[in-house]
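# Commentary on secondary and tertiary structure
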Amino acid sequence: MTTVRLERFRWWHIDQVLPIEADLFGAEQWSPGMFWNELANGHHYRVATDVDATVLGYAGLAGAPPDEVWVQNIAVRRDAQRRGVGRALLEELLAEAARRGARSTLLEVAVDNAPAQRLYATYGFEPIAVRRGYYQPSNTDALVMQRDTEPTGDGPHDHG
């Protein structure tokens, strides 16, 4: 496992995030404006950095508890993949979902991204739907996966 520090995604991280977006998602990459919009709307975004403060990956969560929250994105730089960075980011998002009291967490993942689907499945995400042609311009289908949020035990509806 790489030594990873998770911190709040701030506007100055966008310049380091854009090359990762371009490399991983090509024509379907997010624009700087899309990231600015997510940050301006107060969504829960984190970056994973190494000891030199270089961004290794990033992830975001949005939604309106108590119903559901959505994982907006999880991305890890290719040379940092398979070293626990994605897991650390996902665990942070799931912890935030629990803190917010969300009943379920959902995400969309490309149907051809088996490694990501396996990661999500290990955290209890299950496929619930397919969105045909969701990713554009490639027209790739998205698999919608859902995970019920584990209660924290301190909510008003817990009966012990």
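Report on the accompanying structure. Throughout, residues of each chain are indexed from 1 in the direction in which the sequence is written. Whole-chain, interface and lining totals are the exception, using all residues; otherwise, since this is a predicted model, local features are given only for residues with pLDDT of at least 70 and side-chain atom pairs are given and counted only at 80 or more. To obtain the side-chain values, all non-hydrogen atoms of the structure were used and water was disregarded.

## Some remarks on the overall build of the chain
In terms of helices and strands, the chain carries 4 helices and 7 strands. Listed N to C, the secondary structure of the chain is β-α-α-β-β-β-α-β-α-β-β in terms of helices and strands. Computed over the C-alpha atoms, the radius of gyration of the chain is 16 Å, within 12% of the 15 Å expected from 2.2 N^0.38 for a compact globule of 160 residues. In the chain, which comprises 160 residues, the share counted as buried stands at 43%. Looking at the chain alone, contacts between residues at least 24 apart form 59% of all its contacts between residues at least 6 apart. We get accessible surface area from the Shrake-Rupley algorithm with a probe of 1.4 Å; when it comes to residues, only the shown protein chains can shield them. With the model as given, the accessible surface of the chain reaches about 9,000 Å², and the carbon-plus-sulfur share is 49%. Helix and strand labels come from DSSP, where a helix needs a run of H or I of at least four residues and a strand needs a run of E of at least two; each type is numbered from the N terminus. Note that the radius of gyration is over C-alpha atoms, with the globule rule given as 2.2 Å times the number of residues to the power 0.38. The buried label goes to any residue with under 20% of its type's maximum accessible area, the exposed label to any with over 50%, and the partly exposed label to all in between, with areas taken from a 1.4 Å probe on protein chains only. The contact criterion used throughout is that any non-hydrogen atoms of two residues lie within 4.5 Å.

## Remarks on the sheet that holds strand E5 (residues 104-110)
Here, a strand pair is defined by DSSP locating no fewer than two bridges between the strands. Here 7 strands make up an open sheet; going across it, the order is E1-E2-E3-E4-E5-E7-E6 and the pairing mixed. Each having just a single partner strand, strand E1 (5-8) and strand E6 (126-135) make up the two edges of the open sheet. The sheet shows a mean angle of 25 degrees between the axes of neighbouring strands, taken without regard to direction. Bridge count for strand E4 (residues 68-76) against E5 is 3 bridges, and the pairing is parallel. The partner of tryptophan 70 across the bridge, within E5, is leucine 106. Contacts from helix H3 (residues 85-100) reach E1, strand E2 (44-49), strand E3 (55-64), E4, E5 and strand E7 (140-148) within the one sheet, and its direction differs from that of E3 by about 25 degrees. Only the stretch in contact is used when fitting a helix axis, every axis being a line fitted to C-alpha atoms; angles between N-to-C directions are given from 0 to 180 degrees.

## A short note on H3
Its 16 residues give H3 an end-to-end C-alpha distance of 23 Å, which sits within 8% of 22 Å, the value for a rise of 1.5 Å per residue. Glycine 101 sits one or two positions beyond H3 and adopts a positive phi of about 80 degrees. Every helix has an expected span of 1.5 Å times one less than the residues it contains.

## Structural notes on the pattern of salt bridges
Pairing of side chains with opposite charge becomes possible as their charged atoms draw close. Salt bridge, as applied in this entry: a Lys or Arg side-chain nitrogen positioned within 4 Å of an Asp or Glu carboxyl oxygen. Summed over all chains, the structure comprises 10 salt bridges. Note that aspartate 23 and arginine 78 form a salt bridge whose closest N and O atoms lie 2.8 Å from each other. Taken together, the positions of aspartate 23 in helix H1 (residues 14-25) and arginine 78 in the loop between E4 and H3 put the pair 55 residues apart, joining distant regions of the chain. Judged by relative accessible area, which is 41%, aspartate 23 ranks as partly exposed.

## Digging into a nonpolar patch on the surface
For patch detection, residues must exceed 30% relative accessible area and be free of salt bridges, and they are connected within 9 Å for like charges or within 5 Å for nonpolar side chains (Val, Leu, Ile, Met, Phe, Trp, Tyr). On the surface, Trp11, Trp12 and Trp36 cluster together into a nonpolar patch covering about 400 Å² of accessible area. Secondary-structure assignment places tryptophan 12 in the loop between E1 and H1.

## Description of the environment of arginine 132
Secondary-structure assignment places arginine 132 in strand E6. Note: C-alpha distance between arginine 132 and alanine 142 (10 residues apart in sequence) is 6.6 Å. In this structure the side chain of arginine 132 is engaged in a polar contact, spanning 2.8 Å, whose partner is the side chain of aspartate 141. In protein, a polar contact means a hydrogen-donor-capable atom and an acceptor-capable atom, both N or O and within 3.5 Å, with residues adjacent in sequence counting only if both atoms are side-chain atoms; elsewhere, any N or O pair within 3.5 Å suffices.

## Focus: the side chain of arginine 147
Looking at where arginine 147 falls in the secondary structure, it is placed in strand E7. Given the relative accessible area of 10%, arginine 147 is considered buried. Separated by 2.5 Å, the side chain of arginine 147 and the backbone oxygen of tyrosine 123 make a polar contact. Among residues more than four places away in sequence, those in contact with arginine 147 are Leu94, Arg103, Ser104, Thr105, Tyr123, Gly124 and Phe125.

## Brief notes about unusual backbone geometry
Omega for the bond connecting glutamine 136 with proline 137 falls within 30 degrees of zero, at 15 degrees, which places this linkage in the cis form. Within the fold, proline 137 resides in the loop between E6 and E7. Phi is positive for arginine 82, which is not a glycine, with a value near 65 degrees. Along the chain, the position of arginine 82 falls in the loop between E4 and H3. The class of arginine 82 is exposed, set by a relative accessible area of 83%. Positive phi values are uncommon outside glycine, yet asparagine 139 reaches one of about 65 degrees. Along the chain, asparagine 139 turns up in the loop between E6 and E7.

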